[in-house]
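Structure assessment
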Amino acid sequence: RHAQHVLRAHRQPVLCVAMANGLGVSGSADRSVRVWVLESGVCARTLSGHSQWVTAVALSEDAGRIVSASTDKTVRVWSW
């Protein structure tokens, strides 16, 4: 089978992903978190704030909040 979409936008390797309610979230060594609409493959938002690699991401059940963790020793909660 072929991938439905190939999501490209990060400038460094993708280190973590999560999905809920039709959205995907990816965290990267480029220090960003990206929110994807899985049906279309479009990047809906780029969340910036970490100063080092993003190593973990999670979404709330309703996908209204995102949590990201980084090697900069922070966990960020995003309402997007």
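Just above, that's the structure.
In what follows, the accompanying structure is described. Fair warning: this is a prediction, and the values are worked out from it, not measured in the lab.

A few points about the environment of Val37
Looking at the element boundaries, Val37 is found in strand β3 (residues 32–37). Placed 38 residues apart in sequence, Val37 and Val75 show a C-alpha to C-alpha distance of 23 Å. Excluding residues within four positions of it along the chain, Val37 makes contact with Gly22, Leu23, Val42 and Ala44.

Some remarks on the sheet that holds strand β1 (residues 14–20)
If you trace the four strands from one edge of the open sheet to the other, you get β1-β2-β3-β4, paired in antiparallel fashion. Only two strands of the sheet have a single partner each, and these edge strands are β1 and β4 (42–48). Sheet twist, expressed as the average angle between the axes of neighbouring strands with direction ignored, equals 20°. Direction of pairing for β1 relative to strand β2 (residues 23–28): antiparallel, over a ladder of six bridges. By the bridge assignment for β2, Val14 is matched with Ser28.

Each value, and the rule that gives it
Here the residue numbering is sequential within each chain, running from 1 through the sequence in written order. Per-residue local features are limited, in this predicted model, to residues with pLDDT of at least 70; the limit for side-chain atom pairs, both in listing and counting, is 80 or more; totals at the level of whole chains, interfaces and linings are taken over all residues. Only hydrogens and water are removed before side-chain values are computed, so all heavy atoms of the structure are retained for them. Only runs of H or I of at least four residues qualify as helices and only runs of E of at least two qualify as strands under DSSP, and these elements are numbered from the N terminus. Residues count as neighbours in contact if any of their non-hydrogen atoms are within 4.5 Å of one another. At least two DSSP bridges between two strands are needed for those strands to be called paired. In this analysis, axes come from line fits to C-alpha atoms, helices being fitted only over the stretch in contact, and the angle between any two N-to-C directions falls in the range 0 to 180 degrees.

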